[in-house]
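A structural walkthrough
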Amino acid sequence: MIKRLRKALKQRYQQWIFRRLPAVKKIRLDNRKLFIFPTRAGFVFFTLLLLLWLIATNFENNLIFAFTFLLTSLFIVGVFHTFLNLSGLKIEGGKATPGFAGQTAEFEYLLSQGGKRRRYNIEISYPGVEPTFVSLMGREIKAVYLSIPVKKRGWLQAQRITVKSVYPLGLLKVWTYLQFDTTALVSPRAIDAPLPSQPAAGQGDKA
């Protein structure tokens, strides 16, 4: 029963993601395409704030009150900086390099921005593939290549990639799931076969 409920919730979530973030060729991230939530460290930090507030209230300690408000302000400022590290980022699906079944096909993703903002530690990940980290310094274009394992021949459309950032404090995570309409041709796997034997030197066809 629990497994079926989880499966149903996962399907509903994927359908909602597909409606909100359909497959595109190029996208600019904004508040409708980004999600933000505290990390595990963020929840620990929030628990610490609550504990400090209780101590300050119980003992009427102004110094602890001031320290609690300072940490709370730091957390609130971190929300904006974490969100802005991805907001406004432009991502485009680039070329796809063909591959062979049982090996990998390489997909290119181009990251750029219109302003001079510095963006740090942006994580690009794909299921089953080692994540890639990239930073942008001003008006530049960064290319990210993901080698995606392929099993069957034919045309392959890569699954959704995850674009994530926890900069600057690691207390919050901002992320999005993006589907690009780029495809790669996967050829049948090559079969190892022995080379044809060559006739010995000097032994030609006899008349």
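Above this text is the structure in question.
As the structure is a computational prediction, the values presented were derived from the model and not from experiment.

Here we come to the packing of aromatic side chains. A complete count under the given rule lists 6 aromatic pairs for this structure. For the pair Phe65 and Phe69, a centre-to-centre distance of 5.9 Å together with 25 degrees between the ring planes defines the contact as stacked. Of the two residues, Phe65 and Phe69 both sit in helix H3 (residues 62–84), 4 residues apart, roughly one turn of that helix. Seen in terms of ring centroids, Tyr109 and Phe180 are 5.5 Å apart; in terms of plane orientation they differ by 55 degrees. Their pairing is tilted. Here Tyr109, found in strand S5 (residues 104–112), pairs with Phe180, found in the loop between strand S11 (172–178) and strand S12 (183–187); they are 71 residues apart in sequence, far enough to count as distant. What makes Tyr109 buried here is its relative accessible area of 2%. Residue class for Phe180 comes out buried when judged on its relative accessible area of 3%. Above the plane of the ring of Trp175 lies Lys173, whose end atom (NZ or CZ) is 4.6 Å from the centre.

All right, on to the environment of Glu60 then. Looking at the secondary structure, you find Glu60 in the loop between helix H2 (40–59) and H3. Among the residues examined, Glu60 registers a relative accessible area of 67% and is labelled exposed. Separated by 122 residues in the primary sequence, Glu60 and Thr182 have C-alpha atoms spaced 61 Å apart.

Calculation notes
- Residues numbered from 1 in each chain as written.
- Predicted model: local features only at pLDDT ≥ 70, side-chain atom pairs only at ≥ 80, totals over all residues.
- Heavy atoms only, no water.
- Phe/Tyr/Trp six-rings, centres within 6.5 Å; stacked < 30°, edge-to-face > 60°.
- Helix = DSSP H or I, 4+ residues; strand = E, 2+ residues; numbered from the N terminus.
- Buried < 20%, exposed > 50% of the residue type's maximum accessible area, 1.4 Å probe, protein only.
- Lys NZ or Arg CZ within 6 Å of the ring centre and 35° of its normal.

These figures capture arrangement, not role.
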